[in-house]
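# Coordinate analysis (summary)
Below are the chains, spelled out letter by letter.
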Amino acid sequence: MVKAVFVLLATIACCSAAVAQSPAPPVTAAAVVQQDYDALFQAMYKNPSDLETSFKFAEQAVKRGDYEAAIGALERMLFFNPNLPRVKLELGVLYFKLGSYELARSYFQEAIKAADAPDEIRAQVLAYLTEIDRRLARYEFSVFTTAGFRYQTNANLGPSSLMVRALGQDALLDGAFGKRPDWNFFQTLTANYAYKIGTRGDAIEASFLGVNSRQYKLNQYNLGLVELVVGPRIAIGQNASFKLYGIGDQVWLGDANYFSAGGGGVSARTTIGDRGLLEAFVEERRRDFSDSNNFPTASQQSGDLLSAAVTSDLRFGALHWTARAGYDQNRAIFDYYSYKRYSIDMAFPYAFALPVFGTPHQFVVAPTIGFSWANYDAPNPIVDPVMVRNDREQRYGAIFDAQVYKNVGLRTQVQYIRIDSSLPNYTTDNLSVSIGPTARF
């Protein structure tokens, strides 16, 4: 019995020693950040007149998204020293982010009340006050328009080679239908209108897009397009919303009706902290194509088009990144016009200012890149009764915007598109260069 008790005690002692010698669990980075945050809070609580500590705590609270805690710390700083324009600016920004625009306005106005307020703070305050006025207005209205000349090396999207497929056999295409260069004169207009309901973000929105392009030689490719989108936007909190909308389209090609479309969609939008916006949408249209002298079989493309995409507009310091990832499913009455298409496009706008004749002007350069994959549902017997069309498209380009005077600018755009297809009839490439004035209202 004594021996058994001794063995039991020895076992307990060994286990205790093992537990005592086992390493402590590692401290995570999140735990260290939380400890620093708690330490700053305790230091501020013990010495509320220490403005430096209070400001550091407010900075950490903003990074954590705890705007209320940051507001409390900053307002406590003003209690001890009311003459702090930087703190008033920060308070205005925080109330702005919370959607309390009148409180934000009062702090912004206080920030620049003193005659010696820094010019940097004045500039920021004026920008925020302008945005507050815009958000509190009963309606919003914006217009962007551009016009100019465009040159394309392949204006008719003719095949890269005259050796194509016809009825499943190799055939030599008439040179008149191969790739042909041309100039065109174009105009584009986009307009957006929102009638606001309350102040939380609900609104009735409408947008209009108009495009007109007139070819110099290839008049059968003159293009006209109008699109109208109308629907209510419903806010979800301060940073998100969704929208239900109807769509109407009318397109002309070669100065004749090409197709008309009607449908609807739903979109959801949210802000990603201070980084920017993220939006997703799903929409469907019924498109009815019309035959014409230039396009006598266009009606074979009639059907339903389903589109879905996720778009982003994000900023990471000096880097500005916009992106769109999309999916399209076209269900035409003739299966060889039906397809599934996947695409991704990205742009990286970079804005900067340069003095021109002694006055600073704004410039934006935006490299662009995009890829698409389109897989068709069935072979076209007129082209090849066995081979199904599959396209792989690459897009590379750049946009350069220069401010000329106030809201008037000059835009130059270069884009190269290459399509590699399983059928030589659709393998093509096109380089386009355009230049023209822009205006924003």
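What counts, and at which threshold
Residues numbered from 1 in each chain as written. Predicted model: local features only at pLDDT ≥ 70, side-chain atom pairs only at ≥ 80, totals over all residues. Heavy atoms only, no water. Helix = DSSP H or I, 4+ residues; strand = E, 2+ residues; numbered from the N terminus. Buried < 20%, exposed > 50% of the residue type's maximum accessible area, 1.4 Å probe, protein only. Contact = heavy atoms within 4.5 Å. Areas by Shrake-Rupley, 256 points an atom, 1.4 Å probe, with all protein chains shown as cover. Salt bridge = Lys/Arg side-chain N within 4 Å of Asp/Glu carboxyl O. Core = buried A, V, L, I, M, F, W, Y, C linked by side-chain atoms within 4.5 Å. Expected span 1.5 Å × (residues − 1). Arc of directions from axis to C-beta. Phe/Tyr/Trp six-rings, centres within 6.5 Å; stacked < 30°, edge-to-face > 60°. Lys NZ or Arg CZ within 6 Å of the ring centre and 35° of its normal. pLDDT = per-residue confidence, 0-100. Axes fitted to C-alpha atoms, helices over the stretch in contact; angles between N-to-C directions. Parallel < 35°, antiparallel > 145°, perpendicular 65-115°, else oblique. Left-handed = near helix turned anticlockwise from the far one by under 90°. Nonpolar A, V, L, I, M, F, W, Y, C, P; charged D, E, K, R; others polar. Pairing = 2+ DSSP bridges.

A few words on the overall build of the chain. Along the backbone of the chain there are seven helices and 17 strands. The buried share among the 441 residues of the chain stands at 33%. For the chain, contacts bridging at least 24 residues in sequence account for 55% of all contacts bridging at least 6. As displayed, the chain offers around 25200 Å² of accessible surface, 63% of which is attributable to carbon and sulfur atoms.

According to the stated counting rule, one finds 26 salt bridges in the structure shown. Among the salt bridges present, the one from arginine 105 reaches aspartate 133, with a minimum N-O distance of 2.9 Å. Of the two residues, arginine 105 sits in helix α6 (residues 101-111) while aspartate 133 sits in helix α7 (residues 119-136), which places them 28 residues apart along the sequence. Owing to a relative accessible area of 18%, arginine 105 belongs among the buried residues under this scheme. Judged by its relative accessible area of 42%, aspartate 133 falls in the partly exposed class. With its nearest N and O atoms 2.8 Å apart, the salt bridge here joins arginine 389 to aspartate 391.

It is worth spelling out the nonpolar core at this point. Grouped together as the largest cluster of nonpolar side chains are 28 residues, with contacts concentrated most on Leu74, Val87, Leu91, Phe108 and Val125. Where this core is concerned, the elements lending two or more residues are α3 (51-63), α4 (67-80), α5 (85-97), α6 and α7. Not counting the four nearest positions on each side in its chain, leucine 74 is found in contact with Phe55, Ala58, Val87, Glu90, Leu91 and Leu94. Among the nonpolar cores identified, the runner-up in size contains eight residues, and Tyr258, Phe259, Ala261 and Phe289 belong to it.

An α-helical segment advances 3.6 residues per turn. Residues three or four places apart therefore align on the same side. With 18 residues, α7 should cover 26 Å at 1.5 Å per step; its first-to-last C-alpha distance of 26 Å lies within 8% of that length. Among all positions in α7, only Ile121, Val125, Leu129 and Ile132 are buried. Buried residues of α7, viewed axially, fall in a sector of 70°; they line one side. Counted as exposed and oriented over 90 degrees from the buried face of α7: Asp119, Glu120, Leu126 and Thr130.

With that settled, the discussion passes to the packing of aromatic side chains. One pass over the structure, following the stated rule, counts 21 aromatic pairs. Seen in terms of ring centroids, phenylalanine 108 and tyrosine 128 are 5.0 Å apart; in terms of plane orientation they differ by 20°. Their pairing is stacked. Of the two residues, phenylalanine 108 is situated in helix α6 and tyrosine 128 in helix α7; the sequence distance between them amounts to 20 residues. Put simply, the rings of Tyr221, Tyr258, Phe259, Phe289 and Phe295 pair up and form one aromatic cluster. In this arrangement the basic side chain of arginine 150 is found over the ring face of phenylalanine 186, its NZ or CZ atom lying 4.3 Å from the centre. Sitting over the ring of phenylalanine 259, arginine 287 keeps its end group 5.4 Å from the ring centre.

Its 13 residues give α5 an end-to-end C-alpha distance of 18 Å, which sits within 8% of 18 Å, the value for a rise of 1.5 Å per residue. Listed as buried for α5 are Val87, Lys88, Leu89, Leu91, Gly92, Val93, Leu94, Tyr95 and Phe96. The first or second residue beyond α5 is glycine 99, which carries a positive phi of 85°.

In this model, the chain carries a mean pLDDT of 87, and residues with pLDDT of at least 70 account for 89%. Of all secondary-structure elements in the chain, the lowest mean pLDDT belongs to helix α1 (residues 2-21), at 44, while strand β12 (residues 339-347) reaches the highest, 98.

Let's shift gears to the packing of α4 against α5. Close contact between α4 and α5 brings their axes to 10 Å; oriented N to C, the two are set at 155°. By the criterion of interaxial angle, the relationship of α4 to α5 is roughly antiparallel. Handedness of the crossing formed by α4 with α5: left-handed. The segment α4 lies against α5, with Tyr67, Ala70, Ile71, Leu74, Glu75, Met77 and Leu78 engaging Val87, Lys88, Glu90, Leu91, Leu94, Tyr95 and Lys97. Class assignment for the residues of the contact of α4 with α5 results in 10 nonpolar, no polar and four charged.

Pairing between strand β1 (residues 139-152) and strand β4 (residues 182-197): 14 bridges, direction antiparallel. Paired with arginine 150 across the two strands is asparagine 184, which belongs to β4. Bridging between β4 and strand β5 (residues 202-215) involves 14 bridges; their strand directions are antiparallel. Looking at the pairing, tyrosine 195 lines up with isoleucine 204 of β5. What sits between the antiparallel neighbours β4 and β5 is a turn of four residues, in which glycine 198 has the positive phi angle 80°.

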